[in-house]
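Descriptive structure summary
The lines below spell out each chain.
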Amino acid sequence: MRRILSVLMENAPGALSRIVGVFSQRGYNVDSLCVAPTSDASLSRLTIITEADDKVTEQITKQVNKLIDVLRVVELAEAPHVERELMLIKVATRTEIARAEVKRNVDIFRARILDVTSQHYTIEITGTSDKLSAFADVMGNCADITESARTGVCGLSRGDRALRI
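About the cut-offs
Residues numbered from 1 in each chain as written. Predicted model: local features only at pLDDT ≥ 70, side-chain atom pairs only at ≥ 80, totals over all residues. Heavy atoms only, no water. Buried < 20%, exposed > 50% of the residue type's maximum accessible area, 1.4 Å probe, protein only. Helix = DSSP H or I, 4+ residues; strand = E, 2+ residues; numbered from the N terminus. Pairing = 2+ DSSP bridges. 1 Å grid on protein atoms, 1.4 Å probe; cavity = no way out; pocket = protein on both sides within 12 Å on 5 of 7 lines; lining within 4 Å. Points joined across faces, edges and corners; volume = space filled by probe spheres on them. Nonpolar A, V, L, I, M, F, W, Y, C, P; charged D, E, K, R; others polar. Polar contact = N/O pair within 3.5 Å; in protein donor to acceptor, adjacent residues only side chain to side chain. Contact = heavy atoms within 4.5 Å.

Below, the discussion takes up the pairing of strand β1 (residues 2-10). For β1, the buried fraction is high: seven of the nine residues fall into the buried class. Note: β1 against strand β3 (residues 43-51), nine bridges, orientation antiparallel. Each bridged residue has a counterpart across the sheet, and for Glu10 the counterpart in β3 is Leu43. Direction of pairing for β1 relative to strand β4 (residues 70-75): antiparallel, over a ladder of five bridges.

Now the structure itself:
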């Protein structure tokens, strides 16, 4: 089962390495990782996506909570939450037909064309991981994908619930 763990941690050298080390030492894979400082520059928020059952998730959470740099760990999927991911994708648009098809799909998926050259469009799209994967599949069918990059999932709990110390 897909798990979204949100970790509030100290913004210190080696903190991320120690958290990811918990996963690698136990043979668990990190599917996605997104980390950035919070409004408090001394703290960072880390969002990790992994595939695990309840028992493994509980074990990971307990082990990560034991780390000195970690202030709090929550599983976002336990309650209503919002998650988003960003993808930049560059597609070849060598023909007028390809350009028209790419533009049509950009509109359908509510993406944005960021850069245009005579041979390529660079597109930005945000949404759930499923939406981004579907967009990449559609783009692959109508144009050659030259390059792509994805940020990894970033998420927050809905309502009053928040990751705080």
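Now that the structure is up, let's keep going.
So, about empty space enclosed by the protein. All chains considered together, the criterion is met by one cavity of 30 Å³ or more. Taken together, Arg72, Val74, Ser157, Arg161, Ala162 and Leu163 form the lining of the largest cavity. Taken together, the residues of the lining of the largest cavity break down into three nonpolar, one polar and two charged.

Here we take up the side chain of Glu75. Here Glu75 is to be found in strand β4. Overall, Glu75 belongs to the buried group, its relative accessible area being 9%. One polar contact links Glu75 to Arg3, side chain to side chain, over a distance of 2.9 Å. Look past the residues within four positions of Glu75 in its chain and what remains in contact with it is Arg3, Ile4, Leu5, Thr57 and Arg161.

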